[in-house]
Amino acid sequence: MERSRIPVPATSTASPQVLAARTAVATVFGLNGLMLASWFARVPAAREALGLSAGELGLLLLALSVGAVLALLTAGTVAHRLGAARTVMTGAAAGAGGLALVGVAAGGWGLVPAVGAGLFAVGYGSGTCEVAMNVEGAAVERRLGRTIMPRFHAAWSLGTVAGAGIGAGFARIDVPIAVHLSLAAVVVAVGTLIAARSFLPSAATGSAPGGPAASGSAAGDAAAAGSAAGAARRGSGLLAAWREPRTILIGLLVLVLAFTEGTANDWLAVAFVDGHQVSEAMGALSFGVFVAAMTFGRTAGTVALDRWGRVRVLWATMALAAAGVAVVVLAGPWPVALVGVALWGLGASLGFPVGMSAAADDERYAAARVSVVAVIGYTAFLAGPPLVGLLGDRIGVLRSLLVVSLLLLPALALVPSIRPPATALPARDLTAASPEMR
């Protein structure tokens, strides 16, 4: 039988600091989603203002992806040295500054290179936050003694919904893109700065978990703190993480699951319009059903994970996603295909957050391993769209979606890699105030 998914803390009641950190992490996730969605909602306005063709716009959008991938390559080391809070603050500042630059450069200056530089900063800031907030989320999860990581990712989904809705509303009433994105940048920067101050103390920044407030800790917690401090002195372990079979296997699993999610984001609406011959509004509705199912799965799935464990739940959800994709492609009437969309969304909801949580099982090397898993996983967001597009040119976009099912089925063999390792450190409820939080 699978081991308990989360190492249970010595105390069953979480401290106020841990509860505050839980709220702070959810807020940072939501603001990160808001930042990205604010830009995506105004892409049509930016394209019109800059006078770009579809191909030119595609190259411009690549700047954001390049920034994100480069950030993921370095964010593990940065988070290890600065701590999660300072890393998130730095990433949010870079991303918010880039977002404001995009708005001004597109809506006021009309300078494509400046927009590209802004998008690179947005991608780099978002990618940096991605690693640090997942590391912090895993630390909070361990101290709570129950699964909560998927709910943090649900907060990200809600942030994207809010950002898209606000963007659509601003576009409808003709708010200039420079004004909209600058306002969004201020909200993201200020909100993240305030929220990150409630993160847990970080051993990597020199705080002392064994201080007066933690003087009653068990000997095992002291040993864990010593091991973490020793790991900090030895370095981030990023290169070593790339040589760990378990970390690589988790990364490959997250790659497939990110592809499962990203393919729906990029192609689901188009597949419904082209393949099921529905209106653009119905195509948008199909994507809305997918996002709603994802958000519900991430919110309610924590109960299933705590009851049955990572391996059983992920096997079930991945099979559900594969079946959902088959229904979407092979169903005749589009209402039946919408049922498949809901199954697809539910099935894809837990893979990415569970993979991140598994990578961070051992606090000593959480930042390095999350960074490696994120780099491997995010490859799907770079390679996925052109792969499906090339297949779509030959067999149609709707039928090309079957590649998701074809990848999910063999990936089931990778699921056992997410079992918690026996060497993972126990959770420590860090109540001593950290210098970086004061």
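For clarity, every value in this text was computed on a predicted model and none was experimentally measured. (Residues numbered from 1 in each chain as written. Predicted model: local features only at pLDDT ≥ 70, side-chain atom pairs only at ≥ 80, totals over all residues. Heavy atoms only, no water.)

A few words now on the overall build of the chain. Helix and strand counts for the chain come out as 17 helices and 0 strands. Here the chain holds 438 residues, and the buried ones make up 53% of them. Taking all contacts inside the chain whose residues are at least 6 apart in sequence as the whole, residues at least 24 apart take part in 86%. Roughly 17,500 Å² of accessible area belongs to the chain as shown, and the carbon and sulfur atoms make up 68% of that amount. (Helix = DSSP H or I, 4+ residues; strand = E, 2+ residues; numbered from the N terminus. Buried < 20%, exposed > 50% of the residue type's maximum accessible area, 1.4 Å probe, protein only. Contact = heavy atoms within 4.5 Å. Areas by Shrake-Rupley, 256 points an atom, 1.4 Å probe, with all protein chains shown as cover.)

Our next topic: the nonpolar core. In terms of nonpolar packing, the biggest core is built from 87 residues, with Leu-314, Trp-344, Leu-401 and Ile-418 touching the most fellow members. Here this core takes 12 residues from helix α10 (residues 245–275), the largest share from any one element. Membership of the second largest hydrophobic core comes to 27 residues, among which are Leu-36, Leu-64, Ala-106 and Ile-177. (Core = buried A, V, L, I, M, F, W, Y, C linked by side-chain atoms within 4.5 Å.)

Another point: helix α13 (residues 334–348). In this model α13 runs 21 Å from its N-terminal to its C-terminal C-alpha over 15 residues, within 8% of the 21 Å that 1.5 Å per residue would give. Among the residues of α13, Ala-337, Leu-338, Gly-340, Val-341, Trp-344, Gly-345, Gly-347 and Ala-348 are the ones counted as buried. (Expected span 1.5 Å × (residues − 1).)

A few words on the packing of aromatic side chains. This model, assessed by the stated rule, comprises 3 aromatic pairs. Ring plane angle 15 degrees and centroid distance 5.8 Å describe the contact between Phe-29 and Phe-152, whose orientation is recorded as stacked. A residue pair is termed long-range when its members are at least 10 positions apart, and Phe-29 in helix α1 (residues 16–41) and Phe-152 in helix α6 (residues 149–172) qualify at 123 residues. A residue is classified by how much of its surface remains accessible, and Phe-29, at 1% relative accessible area, is buried. (Phe/Tyr/Trp six-rings, centres within 6.5 Å; stacked < 30°, edge-to-face > 60°.)

The next point concerns helix α12 (residues 310–330). The end-to-end C-alpha distance of α12, which contains 21 residues, comes to 30 Å, matching closely the 30 Å that a straight helix rising 1.5 Å per residue would cover. The complete set of buried residues in α12 reads Arg-310, Val-311, Val-313, Leu-314, Thr-317, Met-318, Ala-321, Ala-322, Gly-324, Val-325, Val-328 and Val-329. For α12, the angular spread of the buried residues around the axis is 165 degrees, confining them to a single face. In α12, the exposed positions that point more than 90 degrees away from the buried face belong to Arg-312 and Leu-330. (Arc of directions from axis to C-beta.)

On average, residues of the chain carry a pLDDT of 79, and 82% of them reach 70 or more. When the criterion is pLDDT under 50, residues 203–234 qualifies, and its contacts beyond four places in sequence or with other chains add up to 36 contacts. Confidence over residues 425–438 falls short of pLDDT 50; this stretch has 58 contacts with residues more than four positions distant or in other chains. (pLDDT = per-residue confidence, 0-100.)

To continue, consider the environment of Leu-19. With respect to the element layout, Leu-19 can be found in helix α1. Take Leu-19: its relative accessible area is 32%, and that puts it in the partly exposed class. With sequence-adjacent residues up to four places away left out, Leu-19 is seen in contact with Ala-14 and Leu-144.

Further remarks concern the packing of helix α4 (residues 84–109) against helix α7 (residues 177–196). Direction vectors running N to C along α4 and α7 enclose 175 degrees, while the axes themselves pass 8 Å from each other. Here α4 lies roughly antiparallel to α7, going by the angle between them. For the pair α4 and α7, the contacting residues are Ala-85, Val-88, Met-89, Ala-92, Ala-96, Leu-99, Ala-100, Val-102, Gly-103, Val-104 and Gly-107 in the first and Ile-177, Ala-178, Leu-181, Ser-182, Ala-184, Ala-185, Ala-189, Thr-192, Leu-193 and Ala-196 in the second. Considered class by class, the residues forming the contact of α4 with α7 number 17 nonpolar, 4 polar and no charged. (Axes fitted to C-alpha atoms, helices over the stretch in contact; angles between N-to-C directions. Parallel < 35°, antiparallel > 145°, perpendicular 65-115°, else oblique. Nonpolar A, V, L, I, M, F, W, Y, C, P; charged D, E, K, R; others polar.)

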